[in-house]
Amino acid sequence: GAVVSQHPSWVICKSGTSVKIECRSLDFQATTMFWYRQFPKQSLMLMATSNEGSKATYEQGVEKDKFLINHASLTLSTLTVTSAHPEDSSFYICSAREDRRVQAYEQYFGPGTRLTVT
Amino acid sequence: SQQGEEDPQALSIQEGENATMNCSYKTSINNLQWYRQNSGRGLVHLILIRSNEREKHSGRLRVTLDTSKKSSSLLITASRAADTASYFCATDLRYITDSWGKLQFGAGTQVVVTP
């Protein structure tokens, strides 16, 4: 149980185009999901907290218009990198907490999406 | 922003040896969690220790927490080649400065276990 999937697992796009990354909780409901970014051999940096039915909360320094987040259902959150540039190339990881477990503190992570912008 | 600092940055050991890594953080926490990441993959939750706990075990893992020193350690006993991965500590500031249970990750320790 508690599986989170991401799609696509990797994507290459041209500079100036937009890319959408999906994050799904497969066997549980998640009101709250998180989006992280990770550069090679570095730690995860939280980008935003995604809440079903409301606007995402972005961390300081993260451009809202650049990284659009939509949490349309209790099992799906999407991250759209708009007008991508080479500096947006990174590993994007989502995570989710299981709603059903009120005292759940651990997060379940997706396998990540490798974005390369050429 | 990153809350935790981990040391060592990298650790190379042989199978059967123990691996110890440390994590320090800056603010009060609700709980501290350890995750493992295989190269190019997502993270897997290993163990959670609450702020009122001092030690916790799970299989070959032992975690300690010293809130007075704002530090935690992860010990992997009798390591195996399959333990090769990066290990991250993450602090949960829920009910302290955050209501969502956001995690702030340390820099990570890269562990290589050779057969």
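Structural notes, computed from the coordinates. (Residues numbered from 1 in each chain as written. Chains lettered and ligands numbered in written order. Predicted model: local features only at pLDDT ≥ 70, side-chain atom pairs only at ≥ 80, totals over all residues. Heavy atoms only, no water.)

Brief notes about the interface of chain A and chain B
Filter applied, for reference: What makes two residues a contact is simply this: any of their non-hydrogen atoms within 4.5 Å. We define buried area as the total accessible area lost by two parts upon association, computed with a 1.4 Å probe and summed across both. We count a salt bridge whenever a side-chain nitrogen from Lys or Arg sits within 4 Å of a carboxyl oxygen from Asp or Glu. The secondary structure listing takes helices from DSSP runs of H or I that are at least 4 residues long and strands from runs of E that are at least 2 residues long, numbered from the N terminus.
Residue-level contacts link 25 residues of chain A with 26 residues of chain B. Together, the buried faces of chain A and chain B total about 1900 Å²; carbon and sulfur atoms form 53% of this surface. Among the residues of chain A in contact with chain B, A:Ser43, A:Tyr105 and A:Phe109 are the three that bury the most area, contributing 32% of the side total. A salt bridge links B:Lys102 to A:Glu59, with the nearest nitrogen and oxygen atoms 2.9 Å apart. Residue assignment for the side of chain A that touches chain B shows that the elements contributing at least two residues are strand S4 (32-38), strand S5 (44-51) and strand S9 (90-96) of chain A.

Brief notes about the sheet that holds strand S7 (residues 61-66) of chain B
Residue and element names in this part refer to chain B. Here is the rule: Two strands are said to pair when DSSP picks up at least two bridges between them. An axis is simply a line fitted to the C-alpha atoms; with a helix, the fit covers only the stretch in contact. Between two such axes, the angle follows the N-to-C directions and lies from 0 to 180 degrees.
With respect to topology, 5 strands assemble into an open sheet ordered S1-S3-S8-S7-S6, the strand pairing being antiparallel. At either end of the open sheet lies a strand with only one pairing partner, and these are strand S1 (5-7) and strand S6 (55-58). When the angles between neighbouring strand axes are averaged without regard to direction, this sheet yields 15°. Inspection of the sheet shows strand S3 (residues 19-24) paired to strand S8 (residues 71-76) by 6 bridges, in the antiparallel sense. Along S8, the bridge assignment pairs Met 21 with Leu 74.

Re the environment of A:His71
Residue and element names in this part refer to chain A. Rules: For every residue, the accessible area (1.4 Å probe, protein chains only) is compared with the maximum for its type, and the residue is labelled buried under 20%, exposed over 50%, or partly exposed between those bounds. N or O atoms closer than or at 3.5 Å make up a polar contact, with two conditions inside protein: a donor-capable atom paired with an acceptor-capable one, and, for residues adjacent in sequence, both atoms drawn from side chains.
By secondary structure assignment, the location of His 71 is in strand S7 (residues 67-73). Residue His 71 is classed as buried on the basis of its relative accessible area, which comes to 4%. Along the chain, His 71 and Gln 6 lie 65 residues apart, while their C-alpha atoms are 14 Å from each other. Residues within four places of His 71 in sequence aside, it is in contact with Ala 30, Thr 31, Thr 32, Met 33, Ser 50, Asn 51, Glu 52, Gly 53, Leu 76 and Ser 77. A distance of 3.2 Å separates a polar side-chain atom of His 71 from the backbone oxygen of Ala 30.

Points about the state of the cysteines
Chemically, a disulfide is nothing more than a covalent bond linking the sulfur atoms of two cysteines. Filter applied, for reference: Disulfides are defined as pairs of cysteine sulfur atoms found within 2.5 Å of each other.
As enumerated under the stated definition, the model contains 2 disulfides over all chains in all. Each sulfur in the disulfide pair B:Cys23 and B:Cys89 lies 2.0 Å from the other. Disulfide B:Cys23-B:Cys89: torsion about the S-S bond near 65°, hence right-handed. With a gap of 66 residues between them, B:Cys23 in strand S3 and B:Cys89 in strand S9 (residues 85-92) connect regions that are remote in the sequence. Each member of the pair, B:Cys23 as well as B:Cys89, carries the same accessibility label: buried. Of all cysteine sulfurs in the structure, the one in A:Cys94 sits closest to A:Cys13, which takes part in no disulfide; the separation is 18 Å. Take A:Cys13: its relative accessible area is 8%, and that puts it in the buried class.

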